[in-house]
2 protein chains.
Amino acid sequence: MFVFLNNQLLEAEKATLHISDLAIQRGYGIFDFFRVRDNALLYVEDHLDRFIHSAQFMHLACPYSKDQLHSILQELQQKNNLPNSSMRMILTGGYSADAYQPADPNLIIMQSPLAFQDTLVPKSLSIITHEYVRDIPEAKTINYTMGIWLQSKLAEQKADDVLYHINGTVSEFPRCNFFIVTKNNVIMTPAKNVLKGVTRKKVLACASSHYKVVEGPVTIDDILNAKEAFLTSSTKRIQAVTKVNDKAIGNGEPGAITTELLKSLVTVEQNYVSKKL
Amino acid sequence: MFVFLNNQLLEAEKATLHISDLAIQRGYGIFDFFRVRDNALLYVEDHLDRFIHSAQFMHLACPYSKDQLHSILQELQQKNNLPNSSMRMILTGGYSADAYQPADPNLIIMQSPLAFQDTLVPKSLSIITHEYVRDIPEAKTINYTMGIWLQSKLAEQKADDVLYHINGTVSEFPRCNFFIVTKNNVIMTPAKNVLKGVTRKKVLACASSHYKVVEGPVTIDDILNAKEAFLTSSTKRIQAVTKVNDKAIGNGEPGAITTELLKSLVTVEQNYVSKKL
């Protein structure tokens, strides 16, 4: 397996950073993540736009343009020859002289095998809530301190994931976006304090052709009154959320609209890949 | 210069971590920092207690006991022979197989030269405020995303540091604790959402022998009504805060009690070092 580090492809096991990097010293950096399907870099344009936005927002000078990053990703994809896989891009704060001021960033691109089925039946998840908002919700930073820390709580409570909220108004999961379907078939997703996911964007596009769609505040009470709920992410696509804090959502089963949107999303993905072939 | 990495002393330039470390992938880790003065590891017992507490709180298994860490620090100090310096200890989330689950932590101990004067006149600082609370205030994590991100705002506003608050109730600076002296000579410092600094502890001990001391809520209004304000940290000791959001605190000069506490703190430090010689 090869990775791309700063300006070269090298064997993954040889890819290291000096301990003075600001990611190690201060957890400072940004990242992005997407899937490779049948050799196509899924929605790579969206992911590169977001990566570049995150870098700018966090005052990190990305050493490559969008087109250059795209070429590097293609080169890595050819080198590793993993038709179905994941790509992880990280831009760190760089080798800081005083362990506080960002320096020239270090760029890491890693690829891993990732098998993926076109399952059309949504998985069913039980979630808990936790009061928290990410430090800088506008950017996809590497700071997952809270999400990782909460894993032991998830295990204790036998929950699958944790939804962040502030005063009962929910935002996002550590790595996924959240949607509800109201009793009137309105599809709602939080717009504030969230990372605007690429899968979220695709689902909003799918949903808006058949349903009223609202990007706005969603409370824990709204969830309990909803007919359906689901989460979205690049690796999870759409998964049904059927329980929150041990209370059933709707009838406690993955709903019809959740299932319909998953089918639409898989079709969108298949069409994207077909066009790239 | 030598550093200690996991289980060995090695030359600093050779100290690297593989990119799969959870600090690089997810900004996950803890740290601590203290000064070395005349070869004495300043308040090392307090710093090691806190380091071990932070590790436990963040579910990271520190590979060494307090005594073992102390011996490693002494060995590094002898090897580098830097009588006046700083020590930085980091324990990362380790080489994670899935870039999310913590693994066996990597331990880093770095030393840098640090010249230090026993100046008895406090520096005068102008600060701004920013609404934020650290993800996990109980632990000294490596997550300084917000503090580093705000550096450009500090430069724009020509301020020296930024004090975090929630709804006007202040907590701490990214790397320092905060105190005010009220018009009645009561010394107050926030107790909630703060990292309990070692210098904070020493200053509380100095102050309590002459003044009433309160650990409790301090608001931005309280600061504007205060006679004096100051911050504390291992590297800054005590510095006067004379301006907040462009408004003068007290008479806008370092105050008498701030100056007196700085003198006491320097004496405590000198006595600590004398006992270790």
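Here the structure is a predicted model, which is why all the values come from computation and not from measurement.

Calculation rules
- Residues numbered from 1 in each chain as written.
- Chains lettered and ligands numbered in written order.
- Predicted model: local features only at pLDDT ≥ 70, side-chain atom pairs only at ≥ 80, totals over all residues.
- Heavy atoms only, no water.
- Contact = heavy atoms within 4.5 Å.
- Buried area = accessible area lost by both parts, 1.4 Å probe.
- Salt bridge = Lys/Arg side-chain N within 4 Å of Asp/Glu carboxyl O.
- Pairing = 2+ DSSP bridges.
- Helix = DSSP H or I, 4+ residues; strand = E, 2+ residues; numbered from the N terminus.
- Axes fitted to C-alpha atoms, helices over the stretch in contact; angles between N-to-C directions.
- Least-squares fit on C-alpha atoms with pLDDT ≥ 70 in both.
- Buried < 20%, exposed > 50% of the residue type's maximum accessible area, 1.4 Å probe, protein only.
- Domains from an automatic or database assignment.
- Polar contact = N/O pair within 3.5 Å; in protein donor to acceptor, adjacent residues only side chain to side chain.
- Nonpolar A, V, L, I, M, F, W, Y, C, P; charged D, E, K, R; others polar.
- Parallel < 35°, antiparallel > 145°, perpendicular 65-115°, else oblique.
- Left-handed = near helix turned anticlockwise from the far one by under 90°.

Glancing now at the interface of chain B and chain A. Opposite the 43 residues of chain B that make contact, chain A presents 43 residues. Around 4,200 Å² of area is buried between chain B and chain A when both sides are counted, 60% of it from carbon and sulfur atoms. When the buried area of chain B at its contact with chain A is split by residue, Arg26, Tyr100 and Trp149 of chain B rank highest and sum to 19% of it. Inspection of the chain B/chain A interface yields zero salt bridges.

Right, let's talk about the sheet that holds strand β6 (residues 85–92) of chain A for a bit. Residue and element names in this part refer to chain A. Strand order in the open sheet made by the six strands is β2-β1-β7-β6-β4-β5, with antiparallel pairing throughout. The open sheet has two free edges, formed respectively by β2 (8–11) and β5 (40–41), since each of these has just one partner strand. Seen against the sheet, helix α3 (residues 66–80) touches β1 (2–5), β2, β4 (29–37), β5, β6 and β7 (107–113) and runs at an angle of roughly 40 degrees to β7.

What follows is about the relation of the copies chain B and chain A. The two copies are related by a screw operation: chain B maps onto chain A through 180 degrees of rotation and 0.0 Å of translation along the axis, at an RMSD of 0.0 Å. One copy is carried onto the other by what is essentially a two-fold rotation axis. In terms of C-alpha distance to the rotation axis, chain B has Gly27 of chain B as its closest residue, with the C-alpha 1.9 Å off the axis. Most of the interface of chain B is mirrored in chain A, where 100% of its interface residues again form contacts.

It is worth spelling out the pairing of strand β14 (residues 228–233) of chain B at this point. All names here are of chain B. Summarising burial for β14: six of the six residues are buried, a large majority. Of the two faces of β14, the one carrying Glu228, Phe230 and Thr232 and the one carrying Ala229, Leu231 and Ser233 are both buried. Where strand β11 (residues 177–181) lies against β14, five bridges are found, and the strand directions are antiparallel. Each residue of the ladder has a partner; that of Asn177, found in β14, is Thr232. Hairpin connection between β14 and strand β15 (residues 237–244): a loop of three residues separates the two successive antiparallel strands.

Before going further, it helps to spend a moment on the environment of Phe116 of chain B. All names here are of chain B. Note on placement: Phe116 falls in the loop between β7 (107–113) and β8 (124–131). Accessibility expressed as a relative area gives 27% for Phe116, which makes it partly exposed. Once the C-alpha coordinates of Phe116 and Val214 are considered, the two residues, 98 residues apart in sequence, prove to be 30 Å apart. In this structure Phe116 touches Arg35, Ser234, Thr235 and Arg237, once residues within four positions along its chain are discounted.

This brings us to the domain arrangement of chain A. All names here are of chain A. Here the domain parsing of chain A yields domain 1 (2–113) and domain 2 (124–272). On a C-alpha basis, the centres of domain 1 and domain 2 stand 26 Å from each other. Both sides together, the interface formed by domain 1 and domain 2 hides about 2,000 Å², and carbon and sulfur atoms give 63% of it. Seen at the junction of domain 1 and domain 2, the total is four salt bridges. Across the salt bridge formed by Arg37 and Glu269, the nearest N and O atoms sit 2.7 Å from each other. Where domain 1 packs against domain 2, one counts 14 residue pairs in polar contact (both at pLDDT 80 or more). Elements supplying a minimum of two residues to the side of domain 1 that touches domain 2: β4 and α2 (44–57). When its residues are assigned to classes, the side of domain 1 that touches domain 2 shows twelve nonpolar, five polar and six charged.

Before going further, it helps to examine unusual backbone geometry. Residue and element names in this part refer to chain B. In the Ramachandran plot, Asn6 falls in the positive-phi region, its phi being about 65 degrees despite a non-glycine side chain. Relative to the elements of secondary structure, Asn6 occurs in the loop between β1 (2–5) and β2 (8–11). Its relative accessible area of 24% is what places Asn6 among the partly exposed residues. Look at Ala99: it is not a glycine, yet its phi comes out positive at around 60 degrees.

On to the environment of Gly94 of chain B. Positionally, Gly94 of chain B belongs in the loop between β6 (85–92) and β7. Along the chain, Gly94 of chain B and Arg35 of chain B lie 59 residues apart, while their C-alpha atoms are 26 Å from each other.

Turning our eyes to something else, we now look at the packing of helix α6 (residues 198–208) of chain B against helix α8 (residues 256–276) of chain B. Residue and element names in this part refer to chain B. Where α6 meets α8, the closest approach of the two axes is 10 Å, and the angle between their N-to-C directions is 110 degrees. As the angle between them shows, α6 and α8 are arranged roughly perpendicular. Note that α6 runs across α8; the crossing there is right-handed. The segment α6 lies against α8, with Thr199, Lys202, Val203, Cys206 and Ala207 engaging Leu261, Ser264, Leu265 and Val268. The class makeup of the residues in the contact of α6 with α8 is six nonpolar, two polar and one charged.

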